[in-house]
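Tertiary structure, described
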There are 2 protein chains.
Amino acid sequence: MLDDRKASILRAVVEEYIETAQPVGSARIAQVKEVNVSSATVRNELSVLEREGYLVQPHTSAGRIPTDKGYRFFVDHLTPNGGLQANQRQRIRDFFDTTHGALEQMLHDTSRLLSGLTDYAAVVVGPPHEAATVRSVQLVVLAPRVALAVAILSNGVVEKRSVDLGSEPAGDDRVAAASAHVAAQLVGRSLADPGRLTPTGDPVTDDIAAKVVAGLTSGHDDEENVFVGGASRMAASFDAVETVRGVLTILEQQYVVVTLLKDVLDRGLSVAIGAEVGLESLAECSVVVAPYEVEGEAVGTVGIVGPTRMKYPQALAAVALVSQRLGRHLSES
Amino acid sequence: MLDDRKASILRAVVEEYIETAQPVGSARIAQVKEVNVSSATVRNELSVLEREGYLVQPHTSAGRIPTDKGYRFFVDHLTPNGGLQANQRQRIRDFFDTTHGALEQMLHDTSRLLSGLTDYAAVVVGPPHEAATVRSVQLVVLAPRVALAVAILSNGVVEKRSVDLGSEPAGDDRVAAASAHVAAQLVGRSLADPGRLTPTGDPVTDDIAAKVVAGLTSGHDDEENVFVGGASRMAASFDAVETVRGVLTILEQQYVVVTLLKDVLDRGLSVAIGAEVGLESLAECSVVVAPYEVEGEAVGTVGIVGPTRMKYPQALAAVALVSQRLGRHLSES
DNA sequence: GTTAGCACTCGGTACACTCGAGTGCTAAGC
DNA sequence: GCTTAGCACTCGAGTGTACCGAGTGCTAAC
């Protein structure tokens, strides 16, 4: 643990570096009023902080830069709360007051909002579709042997799967029967817990019905349930084009992104810094996440991805507030 | 118009520059066997080509690089056909042979395919939802005053809009009546041509029905009907991070992308080069597009966005083949 | 019309040098 | 004993110079 002086010096270094992206020297720190000592004393402390792994020097005769460990301490112990400006808060409030329409669109817009607030890339993972109850199921024939199963859920999500009707064209009546049968079975339940189909007596109908239920309940959820906004902002955060490429490649793989956020949350973190993120390509990035709750239960995640040199106070506040408001908004509807 | 020798010299410059990204000098060109003259002669021709605007010198004592006009000539007159490797063709064939499932997913995957084939960003614009006929319409109440209108179209697309039911909660029967009424009206027709609603006699029902139809037919289509794949590859095409940022910002704005592709097609082009693209941020990019046809009618577009220094033969071939196969694939289902 | 030859241009690289930011250490001071 | 002024030292960044070589444009010969 660091004593007060070391802590405030570390804090000064981190804040200054986040601001300027330049290595910070002892003289600049000595000017910070919370640090009431001379630059020589600061230098002594800096070398201790470096020895203990909180800072590094890019080269002799340069200032210091925080390490992941330095950022970690800053985030855990030195981050002031409530770093969000009034107009930012207003923007969030306005957004959730005026937003409407389909869930997907709303989540997508939320990711853009968060990205706009922070100037980093933002990620929103939607509530699992299984959480909602089924309001309606329908089977529509598209081609002689292909039908589309469409389930409308209570949260406005529409799940659809194409279903192969089998080798020989089933009659329309069979399809209709299967549709009605599945509807009777699933409506009011969750897709996660479809229950067991009761046979109708007609094997063809039962076969189709089983396929429909299997299709609808097999969630390739994660793939489609994540919204990344403002990925282009990553290009402003780094000046090595190679780094940008790596980060963008990750952000394009929705499955990876979802897993990443889940991982961070599972580790009980709200911030993962640099190497903590666990992906080579994101070694220079930090990830800030927060779950959001609907009726007291965490159902999804919002987060941002930015450089380790991130404005943590604002980022944390923005993510926290957006996740909270998003949860509340979803609870209302 | 350029004589044969100038043309083959221009061609050599363009091909070499595309390959190496380095200004091309007269000596290198003189080595190309199609150009059977000495470097001195080449130099004379180069200075003519420069005077006529096909080439520029970054500075005296450097080689030449093509201008937009130079690329344009190359594309129009010098591009060999069929520049696609066998395994690339195979990849496309395999993709369309094995792909299945929902249209959106398939278009999304197509954009990734095309991006993977070319190493540039790829764009796929889906068929307008209005083109298909309605197979089913349903109105599902989600909240006291909000319902979701869901239309299932013959091509497997599901259109949904949330509909405000009005200030006072309408009875379930009214909603059901409206739902049935709209269904009777729309099924079998296109959303582009919904026809006129016949009044039922009940003003509340009619009011809801009108809202549903209005919602479903007002296409904010373009926004949701475009799929961009492999945007991260743009980072590999430029070394100025600022350029990358600009390009990515454009690619994130789906509306802009759709408009862009439409523009290019409307101008009767299959390639727009540099300034021809018409967007400041894409001044260093070229766009290759091709419409795809379903039953003889152009219904959508595929395209790629890459640097002006693009491998045009392969890019053109890939876009052409993918668009053709995509059209065929959609016609079959 | 083509080409060999050559003077010339100019960016890139290497090198030396300076400047200054920043350090670490030491010795004096509170 | 902790703090701090002072100072020697380090080293990157910036600058000026020289040089090299790629590449040109021009001229004169073929």
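See above for the structure.
Rules used throughout
- Residues numbered from 1 in each chain as written.
- Chains lettered and ligands numbered in written order.
- Predicted model: local features only at pLDDT ≥ 70, side-chain atom pairs only at ≥ 80, totals over all residues.
- Heavy atoms only, no water.
- Buried < 20%, exposed > 50% of the residue type's maximum accessible area, 1.4 Å probe, protein only.
- Helix = DSSP H or I, 4+ residues; strand = E, 2+ residues; numbered from the N terminus.
- Pairing = 2+ DSSP bridges.
- Near = heavy atom within 4 Å.
- Polar contact = N/O pair within 3.5 Å; in protein donor to acceptor, adjacent residues only side chain to side chain.
- Least-squares fit on C-alpha atoms with pLDDT ≥ 70 in both.
- Contact = heavy atoms within 4.5 Å.
- Axes fitted to C-alpha atoms, helices over the stretch in contact; angles between N-to-C directions.
- Parallel < 35°, antiparallel > 145°, perpendicular 65-115°, else oblique.
- Nonpolar A, V, L, I, M, F, W, Y, C, P; charged D, E, K, R; others polar.
- Buried area = accessible area lost by both parts, 1.4 Å probe.
- Salt bridge = Lys/Arg side-chain N within 4 Å of Asp/Glu carboxyl O.

Concerning the pairing of strand β5 (residues 146-153) of chain B
Residue and element names in this part refer to chain B.
- Within β5, seven of the eight residues are buried, which leaves the element mostly enclosed by the surrounding structure.
- Pairing geometry for β5 and strand β6 (residues 158-164), over seven bridges, is antiparallel. Counted as the bridge partner of A149 is R161 from β6.

Some thoughts on the protein's contact with DNA strand C
- Taken together, the neighbourhood of DNA strand C is formed by 19 residues, with S26 of chain A together with R5, T41, H59 and S61 of chain B sitting nearest.
- Near the protein, within 4 Å, the atoms of DNA strand C are sugar or phosphate in 73% of cases.
- One nitrogen or oxygen atom from the side chain of T60 of chain B is found 3.5 Å from a phosphate oxygen belonging to DNA strand C.
- In the model, a base oxygen of DNA strand C is placed 3.2 Å from a nitrogen or oxygen of the S61 of chain B side chain.

Side note on the pairing of strand β9 (residues 285-294) of chain A
All names here are of chain A.
- Along β9, eight of the 10 residues are buried, which leaves the element largely enclosed by surrounding structure.
- Inspection of the sheet shows strand β8 (residues 271-273) paired to β9 by three bridges, in the antiparallel sense. Across the sheet, I273 pairs through a bridge with S286, a residue of β9.
- In this structure, β9 lies alongside strand β10 (residues 297-307), joined through 10 bridges in antiparallel fashion. Bridge pairing in β10 places E293 opposite A298.

Describing the relation of the copies chain A and chain B
- Relative to chain B, chain A is turned by 180° and slid 0.1 Å along the rotation axis, the superposed coordinates differing by an RMSD of 0.2 Å. Overall, the copies show the geometry of a two-fold rotation axis. It is V241 of chain A whose C-alpha, among those of chain A, lies nearest the rotation axis, at 2.8 Å.
- When you check the interface residues of chain A against chain B, 100% turn up at the interface there too, and the contact is symmetric in its surfaces.

Here's the deal with the packing of helix α1 (residues 4-20) of chain B against helix α3 (residues 39-51) of chain B
Residue and element names in this part refer to chain B.
- At a minimum axis separation of 10 Å, α1 and α3 run at an interaxial angle of 85°. Viewed along their axes, α1 and α3 adopt a mutual orientation that is roughly perpendicular. Note on element contacts: α3 touches α1 through T41, V42, E45, L46, V48 and L49, opposite R5, K6, I9, L10 and V13.
- Looking at side-chain class alone, the contact of α1 with α3 contains seven nonpolar, one polar and three charged residues.

Quick word on the interface of chain A and chain B
- With 37 residues of chain A at the interface, the matching set in chain B holds 37 residues.
- Here chain A packs against chain B, burying approximately 3000 Å² in sum over the two surfaces, 57% of which is carbon and sulfur.
- Where chain A meets chain B, there are two salt bridges.
- Note that K160 of chain B and E104 of chain A form a salt bridge whose closest N and O atoms lie 2.7 Å from each other.
- Counting across the chain A and chain B interface gives 12 residue pairs in polar contact (both at pLDDT 80 or more).
- For the side of chain A that touches chain B, the elements supplying multiple residues, two or more each, are α6 (103-118), β4 (134-143), β5 (146-153), β6 (158-164), α10 (234-237) and α11 (241-252) of chain A.
- Class assignment for the residues of the side of chain A that touches chain B results in 17 nonpolar, 11 polar and nine charged.

With respect to the pattern of salt bridges
Residues and elements named next belong to chain B.
- Considering all chains together, one arrives at 26 salt bridges over all chains under this definition.
- R5 is the partner of E45 in a salt bridge, and the nearest nitrogen-oxygen pair spans 2.8 Å. Placement of E45 in helix α3 and of R5 in helix α1 is noted, with a sequence separation of 40 residues between them.
- The exposure class assigned to R5 is partly exposed, which follows from its relative accessible area of 36%.
- E50 is the salt-bridge partner of R64, the closest N and O atoms lying 2.9 Å from each other.

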